[in-house]
Amino acid sequence: MYRTRTNPRTRNLIWAPLFALASAQSTLAAGNAAPQLARPADAAPPALRFAHSPDGLEFRDTGVVFAKRAAAPDLFRMPGGTLLALFDHAPDTATPNRYAAHVCFSRDDGKTWSRPQPVDITDRAKRRHLAIQGDIFLAPDGIIRLYFVEPVADARASRSGGNRSHFRLRSAVTRDGIHYRLDERFRAPDWGDRVADPTPIVIDNRVHLLIRAAENEDDKSSALRHAVSRDARRFARLAPPDLPRDAVPFATVKLADRLRIYVATPDGIRSATSRDARRWDMEDGVRLADATDAAVVRLVDGSYLMLYRPADPASLPSDSPGLTSSLTQSLYGYDLDAPSADAAVMALDTGQPDTGHMPTDADSGDSSGSANSLEASDASMQGGDDFDSDSDVASSDAGTDPVDAKATDPDDEGHAEILDEMSPFPDPDGFAPLPDFTNPVDYLSWYRDYSANPAGTAAYDAYTQLIPLDQSQDGRGTVWPEDTTNMFSDPDYDGPPRPWNPADHPDWESSYQAMRDLVDRFRDASELDGYATPAATRDSTNILLGILLPSLAPHRALAKQTLADAWRMENGRVPPERMRQAFQTTLRAAAHMEEGATLIEGLVGLAECRLVRDNARAALAQDVFNSPEQIAETLHTLREYDRPGPDPTFALRGEHAAAMDLIQYMFTPPAPDGTPQYHPERGQDLLSEFVDDPVRIDLGRLTPNDAYRSIATLDNHYRELAQMMSIGYPTVRAADIAAMETVNAQSTPLTKVLLPSLSRLYSLHARAEADRRATQLAYATELFRARNGRWPASLAELPATEIAPEARTDPFTGRDFGYRVDDNGPRIYSLSENARDDGGVHAPRWNDRLESEDASDDYVFWPPQEK
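Residues numbered from 1 in each chain as written. Predicted model: local features only at pLDDT ≥ 70, side-chain atom pairs only at ≥ 80, totals over all residues. Heavy atoms only, no water.

## Overview of the pattern of salt bridges
Think of it this way: side chains of opposite charge can pair up when their charged atoms draw near.
Inference 1: If you walk through the whole model with that rule in mind, you get 40 salt bridges.
Inference 2: Ionic pairing is found between Asp183 and Arg145, a salt bridge with its closest N-O pair at 2.9 Å. In this pair, Asp183 is assigned in the loop between β11 (179-182) and β12 (195-203) and Arg145 in strand β9 (residues 144-153), connecting sequence segments 38 residues apart.
Inference 3: One connected set of salt bridges, linked through shared partners, spans Arg613, Asp614, Arg617, Asp642 and Asp771. (Salt bridge = Lys/Arg side-chain N within 4 Å of Asp/Glu carboxyl O. Helix = DSSP H or I, 4+ residues; strand = E, 2+ residues; numbered from the N terminus.)

## Quick look at the sheet that holds strand β19 (residues 281-282)
Inference 1: If you walk across this open sheet you meet the four strands as β16-β17-β18-β19, and the pairing is antiparallel. Of all strands in the sheet, those with a lone pairing partner are β16 (248-254) and β19, marking the two edges.
Inference 2: Relative to strand β18 (residues 268-274), strand β17 (residues 259-265) is paired through seven bridges, and the arrangement is antiparallel. Counted as the bridge partner of Val263 is Arg270 from β18. (Pairing = 2+ DSSP bridges.)

## Regarding a nonpolar patch on the surface
Inference 1: On the surface, Leu549, Ile600 and Leu603 cluster together into a nonpolar patch covering about 240 Å² of accessible area.
Inference 2: Tracing the backbone through its elements, the reader meets Leu549 in the loop between α10 (506-526) and α11 (553-566).
Inference 3: A relative accessible area of 51% means that Leu549 is categorised as exposed. (Patch = residues over 30% accessible without salt bridge, like charges linked within 9 Å, V, L, I, M, F, W, Y side chains within 5 Å. Areas by Shrake-Rupley, 256 points an atom, 1.4 Å probe, with all protein chains shown as cover. Buried < 20%, exposed > 50% of the residue type's maximum accessible area, 1.4 Å probe, protein only.)

## Section: the environment of Leu307
Inference 1: Within the element layout of this structure, Leu307 appears in strand β21 (residues 304-310).
Inference 2: By relative accessible area, which is 0% here, Leu307 ends up buried.
Inference 3: Spatially, the C-alpha atom of Leu307 lies 6.6 Å from that of Pro73, the residues being 234 residues apart in sequence.
Inference 4: Apart from the residues lying within four places of it in its own chain, the contact partners of Leu307 are Leu48, Arg49, Phe50, Phe66, Pro73, Leu75, Ala85, Asp293, Ala294 and Ala295. (Contact = heavy atoms within 4.5 Å.)

## Comments concerning the environment of Gly654
Inference 1: In this fold, Gly654 is placed in helix α15 (residues 649-666).
Inference 2: Classification of Gly654 as buried rests on a relative accessible area of 9%.
Inference 3: Distance from Gly654 to Trp446, taken between C-alpha atoms, is 9.5 Å for residues 208 residues apart in sequence.
Inference 4: Residues in contact with Gly654, not counting those within four places in the same chain, are Tyr447 and Tyr450.

## Considerations on the pairing of β16
Inference 1: Here β16 lies mainly inside the structure; five of its seven residues are buried.
Inference 2: Note that β16 and β17 share six bridges and pair antiparallel. Within β17, the residue paired with Pro249 across the bridge is Val263.
Inference 3: Between β16 and β17, which pair antiparallel and follow one another directly, the connecting turn spans four residues.

## Some words on the packing of helix α12 (residues 576-595) against helix α13 (residues 599-621)
Inference 1: Contact pair α12 / α13: the axes reach a minimum separation of 7 Å and the direction vectors enclose 160 degrees. Taken together, the axes of α12 and α13 lie roughly antiparallel to each other. The hand of the α12/α13 crossing is left-handed. For the pair formed by α12 and α13, the contact residues are Met579, Phe583, Thr586, Leu587, Ala589, Ala590, Met593 and Glu594 on the first element and Glu601, Gly602, Val604, Gly605, Leu606, Glu608, Cys609, Val612, Asn615, Ala616 and Ala619 on the second.
Inference 2: When grouped by side-chain class, the residues that make up the contact of α12 with α13 number twelve nonpolar, four polar and three charged. (Axes fitted to C-alpha atoms, helices over the stretch in contact; angles between N-to-C directions. Parallel < 35°, antiparallel > 145°, perpendicular 65-115°, else oblique. Left-handed = near helix turned anticlockwise from the far one by under 90°. Nonpolar A, V, L, I, M, F, W, Y, C, P; charged D, E, K, R; others polar.)

## Regarding the nonpolar core
Inference 1: If you look at the biggest cluster of nonpolar residues, it comprises 101 residues, and the most contacted ones within it are Trp567, Met579, Phe667 and Tyr779.
Inference 2: Element by element, the count of residues in this core is highest for helix α21 (residues 759-788), at eleven residues.
Inference 3: Setting aside residues up to four positions removed in sequence, Tyr779 forms contacts with Phe583, Ala616, Ala619, Leu620, Phe625, Ile631, Thr634, Leu635 and Leu638.
Inference 4: Among the nonpolar cores identified, the runner-up in size contains 19 residues, and Tyr460, Ala462, Tyr463 and Val604 belong to it. (Core = buried A, V, L, I, M, F, W, Y, C linked by side-chain atoms within 4.5 Å.)

## Observations concerning unusual backbone geometry
Inference 1: Here the amide bond leading from Tyr729 into Pro730 is cis, since omega sits at 0 degrees, within 30 degrees of zero.
Inference 2: Here Pro730 is to be found in the loop between α18 (704-727) and α19 (734-745).
Inference 3: Pro863 follows Trp862 through a cis peptide bond whose omega is 0 degrees.
Inference 4: Position of Pro863 among the secondary structure elements: in the segment after β26 (859-862).

## Observations concerning the confidence of the model for the protein chain
Inference 1: Looking at the protein chain as a whole, the pLDDT averages 79, with 75% of positions reaching at least 70.
Inference 2: Across residues 1-42, where pLDDT falls below 50, the model places 135 contacts with residues more than four positions away in sequence or in other chains. (pLDDT = per-residue confidence, 0-100.)

## What to know about the sheet that holds strand β3 (residues 70-77)
Inference 1: Judged by pairing direction, the sheet is antiparallel, and its four strands sit side by side in the order β3-β4-β5-β6 without closing on themselves. Of all the strands in the sheet, just β3 and β6 (117-118) have a single pairing partner and so form its edges.
Inference 2: Summarising the sheet, strand β5 (residues 100-106) and β6 pair through two bridges and their orientation is antiparallel. Pairing of His102 across the sheet is with Pro118, part of β6.

## Some words on the packing of aromatic side chains
Inference 1: What the rule picks out here adds up to 27 aromatic pairs.
Inference 2: Centroid distance Phe66 to Trp113: 5.6 Å. Interplanar angle 80 degrees. Geometry classified as edge-to-face. On the criterion of sequence distance, the pair formed by Phe66 in strand β2 (residues 60-68) and Trp113 in the loop between β5 and β6 is long-range, its members being 47 residues apart. This pair shows no difference in class: Phe66 is buried, exactly as Trp113 is.
Inference 3: Plain terms: the ring middles of Phe625 and Tyr779 are 6.3 Å apart, the flat faces sit at 55 degrees to each other, and that makes the pair tilted. A residue pair is termed long-range when its members are at least 10 positions apart, and Phe625 in the loop between α13 and α14 (628-641) and Tyr779 in helix α21 qualify at 154 residues. Comparing Phe625 with Tyr779 shows no difference in burial state: the two are buried.
Inference 4: The cationic tip of Arg653 hangs over the ring face of Phe431; the distance from NZ or CZ to the ring centre is 5.3 Å.
Inference 5: One Lys or Arg, Arg682, reaches over the ring of Tyr665 and ends 4.2 Å from the middle of that ring. (Phe/Tyr/Trp six-rings, centres within 6.5 Å; stacked < 30°, edge-to-face > 60°. Lys NZ or Arg CZ within 6 Å of the ring centre and 35° of its normal.)

## Regarding the side chain of Asp857
Inference 1: Tracing the chain through its elements places Asp857 in the loop between β25 (825-830) and β26.
Inference 2: It is Arg836 that comes nearest to the buried, bridge-free Asp857 among opposite-charge side chains, at 5.7 Å.
Inference 3: Within polar-contact distance, the side chain of Asp857 engages the side chain of Asn834 at 3.0 Å.
Inference 4: Other than its neighbours up to four places away in sequence, Asp857 contacts Leu831, Ser832, Glu833, Asn834, Asp838, Ala843, Trp846, Asn847 and Leu850. (Lys, Arg positive; Asp, Glu negative; His and termini not counted. Polar contact = N/O pair within 3.5 Å; in protein donor to acceptor, adjacent residues only side chain to side chain.)

This is the structure in structure tokens:
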């Protein structure tokens, strides 16, 4: 666990000591003998030392040893100014291998420190939890939060005499730095059961988390992972940052306009800078050679303090404070491939006999886990002999609480209620329950309740009066005219929207006259509230996969007809008011579609809004609105009716429910012993049209474990996907979602079939939002010119009263849209997926069809471009 990084041989064994630690504990919990691990003759106990730097770049060791038998340091400045040192510590010389998180405090900016105290982490049931590898920080909500690793034994392996165990990433919150309340709603991506070194980074009110996780099944190597959260509690994975593969991050400090991260490398401590935690620029040189496992904090005078572990403790002078020649076991010093020579027990300090309890998955029942008892002895509370009372490190009031005594009184339950007092976080839950094979969940009823519109279904009923319900077009008393043709459905016309003369287009005019009544009724329906699609199934299975989707093509056809009719010329020109009315009608109707609970309804809504914006920009370019008053009124219409699209995670819950429903149906009724039993006839009936022969064969071999694993994978996938979509661009990109989908889809034969690719949906939502904002920007720049006789020199010149607060921001970058002015006027464009300004060279298909990786994927909204 503790980070052996400078020796190439031990770097390949970064996981082995950590796993041996928990394996030993799980063995002890099962009443078995301790594992036999060989101790190298030159192994030395870990120690933490101080280094100092005036500029954060050149550090020098101060000669002061902070603690022996200590590792994994972290430095944090409390809101009141007190410095907190958090580190893993084995305070009892009689059991030098029992590491747990401890804290010390300094009230004089690091000159003197209190005695170490073990952190106290409890959950709602007042069970205590063991913490190692902790990192503490101030979250954007003002809460002091700790991320840590908790060793957890596998209960099933323990019962069978095995040594299996894993390491769970957990979180807790605190007021005083000593007492912590476990956050049982914390959720991290599934990185497997081997994680280490959590490093939180706060940027733009988002919490980024870098962590190491096992790279493959042999657990001998690790890779850096990256996740992000908007509430510090629920995380979604991102692509790994572009740090060197051998760099292990551990500490960050804020600079004027960016962030600096300190990383351990084979050369020692190095550093890199970034603005977004994704792209890092390595800085030249080494900050501190022969060092690893460090923490850095900025002092009041502007200089930097580093608490670090020497890469080779044995190289320190023999008289260094805090080091002894006694036989102590380093958590990172064992060669697990060597013959068993010296036996040592790598047991966690539970305060109980060696047969004491270690948390297991069986204890938790969910992600909350169970806990070790961490009853600290008086000796450990006072630091034992780990701190030299004659050194500069220990303070005269060592062992006292640096914070308000009342807040840290063990009898005061205030710290235990901190989570209850926190302001509510955005809650992405609300998913359907997981399958129950004995008492099946009624997912159809759940879906009906979930998708129902509280305001009623007046708009839906109005649409059904004029939209055909099936291919026979026998709607409720409405028969559509045949062979209608307008500007957007004419196969012989492929140009941009433009004014048209009835005499020049008799077929368009015929369609206009035939559809007038339907278009008027479409407008009336769009003005009603309450749109919800009733959930009816096509057969007797009553599963969500059989839901009859609404007939959406006629709705889109009416939207196109409404906009095409708006370009019909009267007295030689297009009436501006009719064009604005067409925008209103179509945008309101599209909003109804976006209220639907199915993905297809949302996509139809997006397409109809995009059509409005294309027409709005074309109308502006062709002087349909040719006065400042008309431009301002149309901009007001767009701001009022063209609102941001709905949360895309709404439809995800329906997709999640459909997947859970299908698995439950395919594995119900269960076998006599209650385990899910696959029924091939059900699976083949439902999935035959979606799968080929090899997949069909795989499905025929499904086992109960496949059912359980598929449920877990799909449930975690949709929850994490909801987080990723709610965080959005520019932090989460489509490639991040695509990478997660690729991994999760390979979990089981069922996930290969049931897990859809929704990264496309995610990027479509971002494009739609860029489209919405840029269209309003185009109107605002034209309005500025109409009033001032010139184009704005930059988007910052646009009056805040004319545009929405977010209108200038390209969702793909979080910064202003690309904007250039030349002799032809302004050019407004999105930087798209690569977030790079390619000069406004238009990519008609965004980044979907690029000739090379270096090609421009900028999408130009103004002036209107050829598609």
